[in-house]
Structures are given as structure tokens and as C-alpha cells.
Amino acid sequence: MITVAPLAARDAVAFGHLTFPLFRSLLAEAGTLAIGAACAGQPVGLALARAGREAELLSIAVAGPWRQRGVAGRLLAELEVRLAACGSERLSAVWIAGQPSTPAVERLLARRGFAPPQARMLVCRARLARLAESSFVARRRAPRRGRIVGWDELTAAQRDALRASTRDPARCPDWARPFFEEERIEAACSVALEDDGAVLGWMIAHRIAPDTVRYSRLYVLRGSAQGAGFALAAEAAWRQHSRLGNAAPFGSCDLAVSNRMMTNFLGRHLRPWLESVTASKGACKVLAPLAAAVGDR
Ligand SMILES: CC(C)(COP(=O)(O)OP(=O)(O)OC[C@H]1O[C@@H](n2cnc3c(N)ncnc32)[C@H](O)[C@@H]1OP(=O)(O)O)[C@@H](O)C(=O)NCCC(=O)NCCS
């Protein structure tokens with residue numbers, strides 16, 4: 001018999017192989033909700049979510065021999081109930097299109113009442129040794145205004161000033177804020193655009209796997225010189241290639257499908273130098289208040 005139940009932090013670790021390496025450290029963290037499926041005490045499935053008003057499904061997986069028996073459906077139903085009980089109002093999910101499990105994921109979410117999937121991001125993956133040969137990186141230009149410095153070269157005063165100014169949504173949108181997942185920031189290839197002591201832009205990279213750096217946040221403040229974003233991106237890629245080499249040979253970056261300027265640039269100049277470009281999709285669901293959700297199971 002398969003049991004489905006929330007996992008206490010100490011038990012969750014045994015389910016680590018059922019999520020992405022990036023999320024394993026979250027299993028025992030407050031703010032993460034882990035629901036496990038087990039058979040005779042052995043882990044067979046895991047659903048993992050970041051809790052909060054706007055909760056996020058981080059991953060859901062069922063071990064091969066146990067698939068297509070309704071285990072994922074049960075995991076997700078339990079997750080929704082527990083999230084609703086903690087005050088979550090919506091649950092969103094993002095997944096990669098065109099994978100062997102994509103039809104199962106989409107069917108699962110549709111059955112649980114998620115809205116129809118929307119195209120969301122292009123997930124680009126590059127081998128830096130190859131990307132470094134592109135004219136984008138090899139012939140990168142210095143910015144027209146200011147200079148590029150390493151993120152770790154900023155002074156404490158510059159950081160404090162930036163931390164304060166980027167809290168203002170009028171100056172810096174949420175998605176662009178540089179100070180996040182700071183413990184994973186890859187110093188070797190995160191860079192800033194500095195002019196006369198002021199920080200005008202940044203490219204923040206995170207080490208998301210031993211061999212992979214994700215280029216997470218590229219932003220240039222309004223009024224900075226044109227082309228500064230490209231200069232930051234090319235310099236960051238060059239630094240990864242020249243400083244990390246085989247220690248972290250891959251780079252990844254997610255581009256919003258709605259960002260026409262970047263997706264056009266990608267198609268025209270970068271595509272031949274990339275290992276892969278895959279699309280991600282997303283869907284979300286309004287969570288029923290607790291009483292209704294329990295009755296729905
Ligand atoms: C996606 C996954 C979790 C589904 O697990 P599961 O336990 O087999 O799912 P369920 O049995 O609950 O099935 C849910 C629905 O998907 C359908 N489904 C399952 N496998 C399917 C497949 N290969 N193709 C099409 N539909 C499929 C089921 O028929 C069911 O729909 P129904 O209720 O209308 O019959 C599982 O395939 C998996 O672990 N894949 C690898 C991990 C992964 O890619 N996760 C997603 C990204 S985090």
C-alpha cells in the first residue's frame with residue numbers, strides 16, 4: 001500500500017533523489033513543504049513546494065515502477081490541501097516542454113484544475129568554451145559609459161547604497177533585484193557596471209550545479225548608456241570561461257518569451273553557439289479554502 005503524507009525535515013532527506021539537485025538542500029528548510037509517497041517505508045514519490053501566499057510547485061516526481069497509478073495525483077492533492085491550510089491562495093508550476101514526462105505533467109495539472117499552460121521562458125544552455133568563440137563574447141566591447149567590475153569588488157558602501165535603492169520598485173523591478181540567493185552567487189563571473197562610484201547595472205550569476213552557472217539577473221538602470229546590458233552579459237560569459245574553465249563548463253539562462261528584444265537577439269546571434277534552447281511552460285491554480293479542499297479529495 002502506498003501512503004502519502006507530509007514529511008518531517010529529518011525524514012525528507014531520504015527522498016532527495018526524487019527532486020532536482022538544486023532543491024535538495026531545501027528539503028529540510030522552513031518555508032518548503034514536502035509531501036512524500038512511500039511503500040513499505042521506501043520513498044516512491046515526492047512533491048515539493050515553496051509555501052507562501054503565492055506558492056510554487058518546485059518539483060513532483062514518482063519513481064519509474066510506480067508511475068501511472070495515480071501517485072502524483074495523490075501527492076498534488078495532499079500538497080494543495082496543506083498549502084491552503086497554511087494560507088496559500090495560489091499554486092503555480094513551471095516545467096520544461098518537450099520532455100518524456102511533459103504529457104504526464106500537463107495531464108496531471110489539468111486533472112487537478114490548473115489553468116491551461118502558457119509559454120513562459122526559453123531555457124538556454126551553453127558550453128562556455130564554445131560560446132566564447134562567438135563574436136558576441138570574443139569581440140565584446142567595453143561599455144560606452146562606466147566600467148565593468150567584479151561583483152565582489154564593490155565596496156560595502158556601494159552595496160549598502162544599492163541594496164537601499166533597489167528596494168524601490170520605481171527604480172528596480174522585483175525580478176531584477178541583485179540581492180537574492182546570495183550564498184550561491186558565483187563571484188568569478190557576476191559583474192557590475194560602475195560609473196563614478198555609482199552602480200548602474202549588474203549581471204548576477206548563481207552556481208546552480210557543480211558544473212553549471214545560471215545567469216539569473218541582468219539589469220541596467222534607465223538612463224545608462226545603450227548596449228551596457230550586452231557588454232555585461234558578454235563580460236560575464238568571458239569570465240566564466242577564462243576563470244572557471246572545466247570546473248564549471250556550462251552556463252544557463254532563462255529568457256521570458258515576452259522579451260522580444262532578447263529572444264530576437266538570441267535567434268539572430270547566439271543560437272548556433274548554444275547547446276540547447278528549450279521552452280518552459282507555466283500554469284497556476286487558485287487554491288480552494290481549506291474546508292472545500294478537503295471535501296474535494
Ligand atoms: C510526471 C509524473 C510525476 C507523473 O506521475 P504519475 O504518478 O505517473 O502520475 P499519475 O498516475 O497521478 O497520473 C496523472 C495523470 O497523468 C496521466 N499520465 C501519466 N503518465 C502519462 C504519460 N506517460 N503520458 C500521458 N499521460 C500520462 C495519467 O493517466 C493521469 O491522467 P488521468 O487521471 O486522466 O488518467 C511522473 O511521470 C514523473 O515522475 N516524471 C519524472 C519527473 C518529472 O518530469 N517531473 C515533472 C517536473 S518536476
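Residues numbered from 1 in each chain as written. Predicted model: local features only at pLDDT ≥ 70, side-chain atom pairs only at ≥ 80, totals over all residues.

Caption draft 1: View of the overall build of the protein. Helix and strand counts for the protein stand at 10 helices and 12 strands. Relative to the 2.2 N^0.38 estimate, which gives 19 Å for 297 residues, the radius of gyration of the protein is 21 Å and therefore close to what a compact globule would have. In terms of overall dimensions, the protein has a C-alpha envelope of 65 × 40 × 35 Å along the principal axes. Taking all 297 residues of the protein together, the buried fraction comes to 31%. In the protein, of all internal contacts separated by at least 6 residues, the share reaching a separation of at least 24 is 71%. (Helix = DSSP H or I, 4+ residues; strand = E, 2+ residues; numbered from the N terminus. Rg over C-alpha atoms; globule rule 2.2 N^0.38 Å. Buried ≥ 20, exposed ≤ 12 C-beta atoms within 10 Å, placed from the backbone. Contact = placed C-beta atoms within 7 Å.)

Caption draft 2: Summary view of the site of the ligand. If you check the shell around the ligand, you find 19 residues, and the closest are Arg67, Ala72, Ser101, Ala104 and Arg107. Where the shell around the ligand is concerned, the elements lending two or more residues are β4 (54–62), α3 (71–85) and α4 (102–111). Per element, the largest residue contribution to the shell around the ligand is six residues, and it comes from α4. (Near = placed C-beta within 6 Å.)

Caption draft 3: Spatial organisation of the nonpolar core. Grouped together as the largest cluster of nonpolar side chains are 35 residues, with contacts concentrated most on Ala34, Ala47, Ala49, Leu75, Leu79 and Leu83. Breaking this core down by element, the ones donating at least two residues are β2 (32–39), β3 (42–50), β4, α3, β5 (90–96) and α4. The biggest single contributor to this core is α3, with eight residues. Apart from residues lying up to four places away in sequence, Ala49 is in contact with Leu33, Ala55, Glu56, Leu57, Leu58, Leu79 and Leu83. In this structure, Met203, Tyr219, Val220 and Ala231 belong to the second largest nonpolar core, which totals 31 residues. (Core = buried A, V, L, I, M, F, W, Y, C linked by C-beta atoms within 7 Å.)

Caption draft 4: Quick peek at unusual backbone geometry. With a phi angle near 50°, Ala40 is a residue other than glycine that sits in the positive phi range. Here Ala40 is to be found in the loop between β2 and β3. Ala40 sits in the exposed class, given 8 other C-beta atoms within 10 Å. One non-glycine residue, Asp196, lies in the positive phi region at around 55°. Assignment of secondary structure puts Asp196 in the loop between β8 (191–195) and β9 (198–209).

Caption draft 5: Broad picture of the pairing of β4. Bridging between β3 and β4 involves six bridges; their strand directions are antiparallel. Bridged to Leu48 within β4 is Ser59. Between β3 and the antiparallel strand that follows it, β4, lie three residues; Gly52 among them carries a positive phi value of about 135°. Relative to β5, β4 runs parallel, the two sharing four bridges. In the strand pairing of β5, Leu57 is matched with Ala93. Once you follow β4 into α3 and on to β5, the crossover reads as right-handed. (Pairing = 2+ DSSP bridges. Right-handed = clockwise from strand over helix to strand, strands pointing away.)

Caption draft 6: Structural context of the sheet that holds strand β1 (residues 2–6). Ordered by their spatial adjacency, 12 strands build an open sheet running β1-β2-β3-β4-β5-β12-β6-β11-β10-β9-β8-β7, and the pairing between neighbours is mixed. Across the chains shown, the open sheet's two edge strands, defined by having one partner strand only, are β1 and β7 (147–150). Strand-to-strand twist of the sheet, defined as the mean angle between neighbouring strand axes without regard to direction, takes the value 25°. Packing of α3 onto the sheet brings it into contact with β1, β2, β3, β4 and β5, and relative to β2 it is tilted by some 145°. (Axes fitted to C-alpha atoms, helices over the stretch in contact; angles between N-to-C directions.)

Caption draft 7: Just the environment of Ser88, in detail. Structurally, Ser88 is set in the loop between α3 and β5. Through-space distance from the C-alpha of Ser88 to that of Ala55 is 6.1 Å; in sequence the pair is 33 residues apart. If we ignore the near neighbours within four places in the chain, the residues touching Ser88 are Ala51, Gly52, Arg53, Ala55, Leu83 and Leu287.

Caption draft 8: Structural context of the confidence of the model for the protein. Summing up the model confidence of the protein, the mean pLDDT is 94 and the portion of residues at 70 or higher is 97%. When the criterion is pLDDT under 50, residues 292–297 qualifies, and its contacts beyond four places in sequence or with other chains add up to nine contacts. (pLDDT = per-residue confidence, 0-100.)

Caption draft 9: The arrangement of the domain arrangement of the protein in detail. Parsing the protein into structural domains produces domain 1 (2–118 + 282–296) and domain 2 (123–280). Distance between the C-alpha centres of domain 1 and domain 2: 32 Å. Elements that contribute at least two residues to the side of domain 1 that touches domain 2 include exactly α2 (21–24) and β5. The class makeup of the residues in the side of domain 1 that touches domain 2 is six nonpolar, two polar and no charged. (Domains from an automatic or database assignment. Nonpolar A, V, L, I, M, F, W, Y, C, P; charged D, E, K, R; others polar.)

Caption draft 10: The environment of Glu275, seen in detail. One can find Glu275 in the loop between α9 (260–270) and β12 (276–286). In sequence terms Glu275 and Ala164 are 111 residues apart; their C-alpha atoms lie 38 Å from each other. Aside from chain neighbours lying at most four places away, what touches Glu275 is Arg125, Ala126 and Arg127.

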